[in-house]
Every structure is written in structure tokens, then in C-alpha cells.
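Listed below are the residues making up each chain.
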Amino acid sequence: MNSSPLPEIVCVGETMALITPVDTALSHAHEASIGLAGAESNVAAGLVAAGRRAAWASRLGADPLGARIGSELERRGVDLWTENDPDAPTGVMFKDPGAEGSAVYYYRRGSAASAMMPGFLSAERLAGIRFVHTTGITPALSETCRQMVDQLFIDARAAGARVSFDVNDRRALWSMEDAAATLARLANAADITFVGRDEAERIWGTATAAEIRAYLPGCAVLIVKDGDIGATAFDGDADPVFVAAPTVDVVEPVGAGDAFAAGFLAATVEGLPLAECLQAGHVAAERVLTIAADMPPIG
């Protein structure tokens, strides 16, 4: 693992190779592009674009796809805290564009990242880090990943870091019952939790930002995102803060939630007031919504 310079924020989770056909459906494609897809690496890249020092921690296969992911993130200025597994592959995701939207197909079972174990990042390794960020995707990958995230919360606190958690429910990865219970437990335990109002209603039956806060009273700062309406922040017992979303001509929505989290966290590290942190999240999300990519452009 790379150790210098010390990042301010470490983002932990799987990144996959993303295969996207060129100008046609997957079933008819003869050409495709290769990119990368991963919520936590999206956040790390967004943090670097916002001027913060960030690392991405995970496991990759000792294969060309893993090397491609690592080189792209390094090109974007992200520190790599990674292990290479000679016996397990890098996960792959295929995108299938269609007139009604894109479908995705995961080939990640048994991936190198799914073998992350408790203690993957120790308290000693996290010493000096200000935030550890992960998402609800990571505990859905395997039982060992779920245990790893639980331990990660403990070790981050022991190291003096705050924990940031984006609910980021992925229906294809686990049952509704497992998701609802695990995501609620982790979201309630985090220092900062991001959740979409619509996904919260889907998994917990909470229809409004106030209901979500009542359901998750334990997290210090709760951010409820409501699409193109805006975002509401709850900080302890203080009155909630709402900042409307800007009007955006959306090219593709994928990656906007990760960009919002990156913008919010970057502003939080800078020590800005809550309303300005929400605004920074909206600005970062807008930058990604107006391009056909998951990450902000370099420069």
C-alpha cells in the first residue's frame, strides 16, 4: 500500500471494470469501451478534483483490468491503498444502453474485492485520517465484507477519524430484508450519512426527510437527497437545513450521488457551514450530471 502523502479521506469499496458497447445494445455490439465503475472511487476522484487529498482502498485482481483501474485513479491523483489478489479476478460490469434507459449486468461474485476481511484497514493504518468513507454496496458484496465494514467503523473511530456512509442500496446484490436491516444499522452508526429520499422510502418505508431522521436518530449528520428538488441536512437536534438543487440539463444521472458526497465532504473538511456544504454537493453533482461519465473531468 502507498502511504505518502497522508490523505485526508480514505474511500473503501469495490471498483469494477466497466464495459460499454459503442452506439448499440450489448447484444448487437462489435465494439465497446473499457472504463471503471465504483461508488467509492468516484468519491475519491471527486475529492481530488475539489482540491482534497484522497485515497481509495480496496482489493483488485492481479490482472490487466485491475491494472487499468489503478492507473486511471492514479492519473486522477487518487492514492491507491490496494492489494492485488493473484487468485481472484477484478469485478466486471457491463452496461446495456436502451431507449428506456441503461441496464447493467454484474460479474463480481468471487471478485478480489469481495474477499476483503475484517481488519483490512487497521486503526494504525488509519492514524491521521480525517474521514473514512464507504457505502452500502460494500457490505452487500459478501459476509466478510459486511464484517469488514463493521470493523472499519470501529477502527476508524479508534484512529480518531469520522465515518461517512452513503446508503447507496443496490437491489441486485442482496435481499430487501438483509439490506433494510444492515443499511439502517450502518447509517444510524455513521457520523455523516447520505441517503436518497426515494431509496429510503423503498427500503424503510420512510416517505419524508423528517421521517428518515426519526428512523435514523443516531447519526450525527444526516443528508437526505431528493433528486432535482434539493437536499436536507440534519445536524444533531438543530433545525434542518435545506438547499434547493440547481436546474440542470441532465445528460446522464449515474455518478451524481457520488459527486454530491465528494463535494459535501470536501467542504466539510474545509470547515464550511452546513448550507455551504450542501451547495458544494449540488455543484459537484451538477458537474457530473451534464456529462456522460461517472467522474468529474480532469482539470
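Refer to the structure presented above.
The shown structure was predicted, so the numbers you read here are calculated from the model rather than taken from an experiment.

Procedures and definitions
- Each residue is numbered by its place in its chain's sequence as written, counting from 1.
- Selection of residues for local features in this predicted model requires a pLDDT of at least 70, selection of side-chain atom pairs for listing and counting requires 80 or more, and totals for whole chains, interfaces and linings are taken over all residues.
- Just so you know, side-chain values use all the structure's heavy atoms and leave hydrogens and water out.
- For our purposes a nonpolar core is just a set of buried Ala, Val, Leu, Ile, Met, Phe, Trp, Tyr and Cys residues, chained together by side-chain atoms within 4.5 Å.
- Residue exposure (1.4 Å probe, protein chains only): buried if accessible area is under 20% of the type maximum, exposed if over 50%, otherwise partly exposed.
- Elements are defined by DSSP. Helices are runs of H or I of four residues or more, strands are runs of E of two residues or more, and each kind is numbered from the N terminus.
- By the convention used here, residues are in contact when the closest approach between their heavy atoms is within 4.5 Å.
- Lines fitted to C-alpha atoms define the axes, with helix axes restricted to the stretch in contact, and inter-axis angles between N-to-C directions lie between 0 and 180 degrees.
- These descriptions rest on fixed angle ranges, namely under 35 degrees for roughly parallel, over 145 for roughly antiparallel, 65 to 115 for roughly perpendicular, and the rest for oblique.
- In this classification, the charged set is Asp, Glu, Lys and Arg, the nonpolar set is Ala, Val, Leu, Ile, Met, Phe, Trp, Tyr, Cys and Pro, and all remaining amino acids, among them Gly, are polar.
- Aromatic rings from Phe, Tyr and Trp, taking only the six-membered ring of Trp, are treated as a pair when their centres fall within 6.5 Å; an angle between ring planes under 30 degrees marks them as stacked, one over 60 as edge-to-face, and anything in between as tilted.
- We count a salt bridge whenever a side-chain nitrogen from Lys or Arg sits within 4 Å of a carboxyl oxygen from Asp or Glu.
- Comment: arc refers to directions from the helix axis out to C-beta atoms.

I'm lost on the nonpolar core in this one. Help?
By size, the foremost hydrophobic cluster in this structure holds 47 residues, and its most contacted members are Val-12, Leu-121, Leu-126 and Trp-204. Of all the elements in the fold, those that place two or more residues in this core are β1 (9-12), β4 (54-61), α3 (143-158), β9 (162-166), α4 (176-189), α5 (197-204), α6 (209-215) and β11 (221-226). In this structure Trp-204 touches Val-167, Ala-180, Leu-183, Ala-184, Ala-187, Val-195, Tyr-215 and Leu-216, once residues within four positions along its chain are discounted. If you look at the next biggest cluster of nonpolar residues, it comprises 36 residues, including Ala-44, Leu-60, Phe-131 and Val-221.

How do you make sense of the packing of α3 against α4 when you look at a structure like this?
Two quantities define a packed helix pair, namely the angle between the axes and the distance from one axis to the other. Closest axis-to-axis distance for the α3/α4 pair is 11 Å, and the angle between their directions is 5°. In terms of orientation, α3 lies roughly parallel with respect to α4. Only Asp-178, Thr-182, Arg-185, Leu-186 and Ala-189 of α4 make contact with α3, whose side of the interface consists of Arg-146, Val-149, Asp-150, Phe-153 and Arg-157. Its residues assigned to classes, the contact of α3 with α4 comprises four nonpolar, one polar and five charged.

I tried to follow the packing of aromatic side chains on my own but got confused; where do I start?
Both the distance between ring centres and the angle between the ring planes are used here to describe each pair of aromatic rings. Summed over all chains, the structure comprises five aromatic pairs. Judged by centre distance (5.5 Å) and plane angle (85°), the rings of Phe-94 and Tyr-107 are edge-to-face. Highlighted residues: Phe-94 in strand β6 (residues 92-96) and Tyr-107 in strand β7 (residues 103-107), separated in sequence by 13 residues. A relative accessible area of 25% places Phe-94 in the partly exposed class. Ring centres of Phe-194 and Phe-260 lie 6.4 Å apart, and the angle between their planes is 85°; this geometry places the pair in the edge-to-face category.

Honestly, the pattern of salt bridges in this entry has me stumped. Any pointers?
Side chains bearing opposite charge may pair, as long as their charged atoms lie close to each other. Tallied over the full model, the rule gives 13 salt bridges. Measuring nitrogen to oxygen at the nearest pair gives 3.0 Å for the salt bridge that ties Arg-59 to Asp-85. Taken together, the positions of Arg-59 in strand β4 and Asp-85 in strand β5 (residues 79-85) put the pair 26 residues apart, joining distant regions of the chain. What makes Arg-59 buried here is its relative accessible area of 13%. Between Asp-191 and Arg-157 there is a salt bridge, with the nearest N and O atoms lying 3.0 Å from each other.

Before we go on, may I ask you to explain α5 in this structure?
Along an α-helix, a turn takes 3.6 residues, which lines up residues three or four apart on a common side. Here α5 has its buried residues at Glu-199, Ala-200, Ile-203 and Trp-204. An end-on view of α5 places all buried positions within 100° of arc, on one side of the element. Buried-residue contacts for α5 involve α4, β10 (192-196) and α6. Once α5 finishes, Gly-205 follows within two positions and takes phi at roughly 75°, a positive value.

Spatial relationships are all this shows, so hold off on functional conclusions.
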